Amino acid sequence: MILQKFILLFFIIVSLITFGSYPVNAQEDLSFENVEARSYVLYKNLKWKELIRFGERAIRESVDSYSLRFRLGTAYYKIENYFLAITNFEKALEIGFDDELIYEYLYYSYLFTGRNEDKNYVFSKLTDSKKISLRPLYNSILDNILVEYGKSGITEVNTEDVKLLVLNNNSYSEQTI
């Protein structure tokens, strides 16, 4: 009798350990239609971080599309992670078709990451009306002139500028403009 209770208890414990390690709640359906619908809702509601988590998981599960990459790129752009925004926008262009909105986001992402040659290439792909509205800050003549002035040695440091530099601490040497 004691042996039977011991064996029963043993099987219960082994069953709990074995089946308890599996997730109890069902995994979310990551079909193409569900990913499109959910990413669209997150995009429209401006939930950038949740969209990034969901979109990256969908891509890991081999659900990839032009619209998902566009939405992910936009989410990364909005949280100022321009490097990952560039990756997703470029992938969207590779999967889909030329889109002027993607080129505009790419233009600014390249600008903010200091990739001037890529920025100029993307600028050349924009329509004339978009080029006029962007009015690029890049001027090839002025950009190639180097002027140095001021005293040599230690100069005064504006503490407000230092505070701004500390507050705008970006990863990967990103520029804040």
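Residues numbered from 1 in each chain as written. Predicted model: local features only at pLDDT ≥ 70, side-chain atom pairs only at ≥ 80, totals over all residues. Heavy atoms only, no water.

1. Comments concerning the environment of tyrosine 107
No. 1: Following the sequence through the fold, tyrosine 107 ends up in helix α6 (residues 100-113).
No. 2: Along the primary structure tyrosine 107 and leucine 134 are separated by 27 residues, whereas in three dimensions their C-alpha atoms are 9.5 Å apart. (Helix = DSSP H or I, 4+ residues; strand = E, 2+ residues; numbered from the N terminus.)

2. Looking at the packing of helix α4 (residues 66-78) against α6
Two quantities define a packed helix pair, namely the angle between the axes and the distance from one axis to the other.
No. 1: Running from N to C, α4 and α6 point in directions that differ by 35°, and their axes come no closer than 11 Å. For the crossing formed where α4 meets α6, the hand is left-handed. Packed against α4, whose contacting residues are Tyr66, Phe70, Thr74, Tyr77 and Lys78, the element α6 presents Leu101, Ile102, Tyr105, Tyr108, Ser109 and Phe112 at the interface.
No. 2: Looking at the contact of α4 with α6 residue by residue, the classes come out as eight nonpolar, two polar and one charged. (Axes fitted to C-alpha atoms, helices over the stretch in contact; angles between N-to-C directions. Left-handed = near helix turned anticlockwise from the far one by under 90°. Contact = heavy atoms within 4.5 Å. Nonpolar A, V, L, I, M, F, W, Y, C, P; charged D, E, K, R; others polar.)

3. Here we look at the packing of helix α5 (residues 82-95) against α6
No. 1: Packing of α5 against α6 leaves a shortest axis separation of 9 Å and a crossing angle of 145°. As for how α5 packs across α6, the hand of that crossing is left-handed. Contact residues: Tyr82, Phe83, Ala85, Ile86, Phe89, Glu90, Ala92 and Leu93 in α5; Ile102, Tyr103, Tyr105, Leu106, Ser109, Tyr110, Phe112 and Thr113 in α6.
No. 2: Within the contact of α5 with α6, the residues separate by chemical class into 13 nonpolar, two polar and one charged.

4. Here we look at the packing of aromatic side chains
No. 1: As enumerated under the stated definition, the model contains eleven aromatic pairs in all.
No. 2: Plain terms: the ring middles of tyrosine 66 and phenylalanine 97 are 4.8 Å apart, the flat faces sit at 25° to each other, and that makes the pair stacked. Of this pair, tyrosine 66 sits in helix α4 while phenylalanine 97 sits in the loop between α5 and α6; the two residues are 31 residues apart in sequence, bridging distant segments of the chain.
No. 3: A relative accessible area of 52% means that phenylalanine 97 is categorised as exposed.
No. 4: Centroid distance tyrosine 82 to phenylalanine 112: 4.9 Å. Interplanar angle 50°. Geometry classified as tilted. Note that tyrosine 82 is positioned in helix α5 and phenylalanine 112 in helix α6, a separation of 30 residues in sequence. You'll find tyrosine 82 and phenylalanine 112 in the same group, each marked buried.
No. 5: Here a set of aromatic residues connected by ring pairs shows up, and it is made of Tyr43, Trp48, Phe70, Tyr77, Tyr82, Phe89, Tyr105, Tyr107, Tyr108, Phe112 and Phe123. (Phe/Tyr/Trp six-rings, centres within 6.5 Å; stacked < 30°, edge-to-face > 60°. Buried < 20%, exposed > 50% of the residue type's maximum accessible area, 1.4 Å probe, protein only.)

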